[in-house]
Amino acid sequence: MEEAAEERTNLSGVRHILLVLSGKGGVGKSTISTQLALALRHSGRRVGIMDVDLCGPSIPRMFRVQDSDVHQCDSGWVPVYVDQDKSISLMSIGFLLEKPDDAVVWRGPKKNALIKQFVTDVAWGDLDFLIVDTPPGTSDEHISTVEALRPHKLLGAVLVTTPQAVSVGDVRRELTFCKKTGLRVLGIVENMSGFVCPHCSECTNIFSKGGGEELAKHAGVPFLGCVPLDPQLSQSLEEGRDFIQDFPKSPAFPALACIAQQILDGTSQQSP
């Protein structure tokens, strides 16, 4: 009991923990994690992002804090804060590498140990949401993350797919992973769902359309929405800008705002 209490210390101030998953790489998990954090921040929530994609840590770059260092305090590691208000905090292996181009050539046990350290040794403080950005697949990192977070306030998972059948098939396997691990699925997001021309506003479905929504219906889980391809969103990620604040007229803005609102609605229903 004492050991369990000790493990809960640094997460005791976190109200909800949300995993962002996908069975396939390149579908935009980090993009969704980043924009969800920004949308929740603009709703007045304090948010943390735990980046457990150890071989491809992109979260620091997306917030333009990749040159920041992690410091120690009495409670453990101090996360990197995105702003002076400390409304978004980050922890990623990207902050721990000597050089940004260093490859993480680790076997499973070493990866699992770092994930557990992120859970137990990071002083997250008081957060409304801790978003966990995961690597693609259903392997060691995912099992270690779910097991380490299970004693805490693990709300559930958001699954990200693109419309194509290949991506949807991989996400179907992720649904099976959630079922086997007892992880609640909050819903599915279809990312890169159409390209809206910035000149004429016509939508072209470059990667097909509707695969994520169809999968959600088949699996009996909520469909959270479609996020279109948007050059302004790509630009904001490249420059570390706040897309939610800077591009309110973008076609992707209402989709991301709606996804965040559904997450908030789901948590308010669960709150005592």
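The structure under discussion appears in the preceding block.
Residues numbered from 1 in each chain as written. Predicted model: local features only at pLDDT ≥ 70, side-chain atom pairs only at ≥ 80, totals over all residues. Heavy atoms only, no water.

Now for the environment of S87. Counting through the fold element by element, S87 comes out in the loop between β5 (80–81) and β6 (88–92). For the pair S87 and T31, spaced 56 residues apart in the sequence, the C-alpha separation amounts to 18 Å. Aside from chain neighbours lying at most four places away, what touches S87 is R41, R45, R46 and V47. Looking at S87, its side chain comes within polar contact range of the side chain of R41, at 3.1 Å. (Helix = DSSP H or I, 4+ residues; strand = E, 2+ residues; numbered from the N terminus. Contact = heavy atoms within 4.5 Å. Polar contact = N/O pair within 3.5 Å; in protein donor to acceptor, adjacent residues only side chain to side chain.)

A word on helix α6 (residues 165–181). Relative to the 24 Å expected for 17 residues at 1.5 Å per residue, α6 spans 25 Å between its end C-alpha atoms, a close match to the ideal helical length. For α6, the set of buried residues is S167, V168, G169, D170, V171, E174, L175, F177, C178 and T181. Of the surrounding elements, those touching the buried residues of α6 are β1 (14–21), α5 (140–149), β8 (154–161), β9 (185–196) and α7 (211–219). A positive phi of about 70 degrees marks G182, the residue just after α6. (Expected span 1.5 Å × (residues − 1). Buried < 20%, exposed > 50% of the residue type's maximum accessible area, 1.4 Å probe, protein only.)

This next bit is on the pairing of strand β7 (residues 127–133). With seven of seven residues buried, β7 is to be regarded as a mostly interior element. Where β1 meets β7, six bridges bridge the pair, whose relative direction is parallel. Paired with L18 across the strands is I131, a residue of β7. With five bridges connecting them, strand β2 (residues 47–51) and β7 associate as parallel partners. Bridge assignment links V47 to a residue of β7, and that residue is F129. (Pairing = 2+ DSSP bridges.)

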